[in-house]
Amino acid sequence: MAPISPAANIFADLPDASAGEVFTDLLARPGCRIERIVSRGQITPVDRPYRQAHDEWVLLLAGAARLDMGDVETALAPGDHLFIPAGTAHRVTFTDPDRPTIWLAIHLGETDRPVQISADPG
């Protein structure tokens, strides 16, 4: 049985992402990992797109971003979400440089991560 963790706030204790994106696992279970990503002006290099062996669903919680997936660029505002199928090359082409962009990412079918839980996303 998993330990009971205290409630936490995804917007609390935001890390300074001005020097680089910050990835924080919020919950990990076999086949599913939920993470908070904080960006501030970062993009994915054109020659190094992400391509994962598992599905990912992302929800933009704050800020602004654009994501290129299969040569289709999508602008994301708070509340927008999108599904990235396994094996799909994708890259972030814009995140707001003036304020934090906060993402919630759910990785489905991921098999190479340890099982863990974090009560404090900061």
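What counts and how
Residues numbered from 1 in each chain as written. Predicted model: local features only at pLDDT ≥ 70, side-chain atom pairs only at ≥ 80, totals over all residues. Heavy atoms only, no water. Helix = DSSP H or I, 4+ residues; strand = E, 2+ residues; numbered from the N terminus. Buried < 20%, exposed > 50% of the residue type's maximum accessible area, 1.4 Å probe, protein only. Contact = heavy atoms within 4.5 Å. 1 Å grid on protein atoms, 1.4 Å probe; cavity = no way out; pocket = protein on both sides within 12 Å on 5 of 7 lines; lining within 4 Å. Points joined across faces, edges and corners; volume = space filled by probe spheres on them. Nonpolar A, V, L, I, M, F, W, Y, C, P; charged D, E, K, R; others polar. Pairing = 2+ DSSP bridges. Axes fitted to C-alpha atoms, helices over the stretch in contact; angles between N-to-C directions. Polar contact = N/O pair within 3.5 Å; in protein donor to acceptor, adjacent residues only side chain to side chain.

A.B. asks: Talk me through the overall build of the protein chain; I want residue IDs and the actual numbers.
C.D. replies: Tallying secondary structure elements over the protein chain gives zero helices and nine strands in all. Ordered by position from the N terminus, the helices and strands of the protein chain form the series β-β-β-β-β-β-β-β-β. Counting over 122 residues, the protein chain shows a buried share of 35%. A sequence separation of at least 24 residues applies to 69% of the contacts in the protein chain between residues at least 6 apart.

A.B. asks: Would you mind going over the layout of surface pockets in detail, with residue names and values included?
C.D. replies: Any empty space left between the atoms is revealed when a probe the size of a water molecule rolls over them. Of the voids in this model, the largest pocket is the one considered here, and its volume is about 240 Å³. Surrounding the largest pocket, 15 residues form its lining, Phe23, Ile37, Tyr50, Gln52 and Glu56 being those nearest its centre. Looking at the lining of the largest pocket, the element that brings in the most residues is strand 2 (residues 32-39), giving three residues. A per-class count over the lining of the largest pocket returns eight nonpolar, three polar and four charged.

A.B. asks: If you had to explain the pairing of strand 6 (residues 81-84) to someone new, which residues and values would you point to?
C.D. replies: The alternating pattern of strand 6 places Leu82 and Ile84 on a buried face, while none of His81 and Phe83, on the opposite face, is buried. Alignment of strand 3 (residues 55-62) against strand 6, held across four bridges, turns out to be antiparallel. Residue pairing in the sheet places Trp57 in a bridge with Phe83 of strand 6.

A.B. asks: A description of the sheet that holds strand 4 (residues 65-69) should follow, citing residues and the corresponding values.
C.D. replies: If you walk across this open sheet you meet the three strands as 5-4-7, and the pairing is antiparallel. On the outer flanks of this sheet lie strand 5 (72-76) and strand 7 (90-95), each paired with one strand and no other. The mean inter-strand angle of the sheet, taken between neighbouring strand axes irrespective of direction, is 20°. For strand 4 and strand 5, the ladder comprises five bridges, and the chain directions are antiparallel.

A.B. asks: Report on the side chain of Arg36, specifying residues and quantitative values.
C.D. replies: In this structure, Arg36 sits in strand 2. Exposure remark for Arg36: the relative accessible area of 0% places this residue in the buried category. At a separation of 3.3 Å, a polar atom in the side chain of Arg36 contacts the main-chain carbonyl oxygen of Ala12.

A.B. asks: Tell me what's going on with the side chain of Gln52, and back it up with residues and numbers.
C.D. replies: Relative to the elements of secondary structure, Gln52 occurs in the loop between strand 2 and strand 3. Side chain to side chain, Gln52 and Glu56 meet in a polar contact 2.9 Å long. Ignoring any residue separated from it by four or fewer positions in sequence, one finds Gln52 in contact with Ala86, Gly87, His90 and His107.

A.B. asks: Outline the environment of Phe83, listing residues and values.
C.D. replies: On the secondary structure map, Phe83 appears in strand 6. With relative accessibility at 40%, the residue Phe83 sits in the partly exposed group. Measuring from C-alpha to C-alpha, the distance between Phe83 and Ile106 comes to 9.5 Å, with 23 residues separating the pair along the chain. If we skip the residues at most four places from it in the chain, Phe83 touches Asp55, Glu56, Trp57 and Met69.

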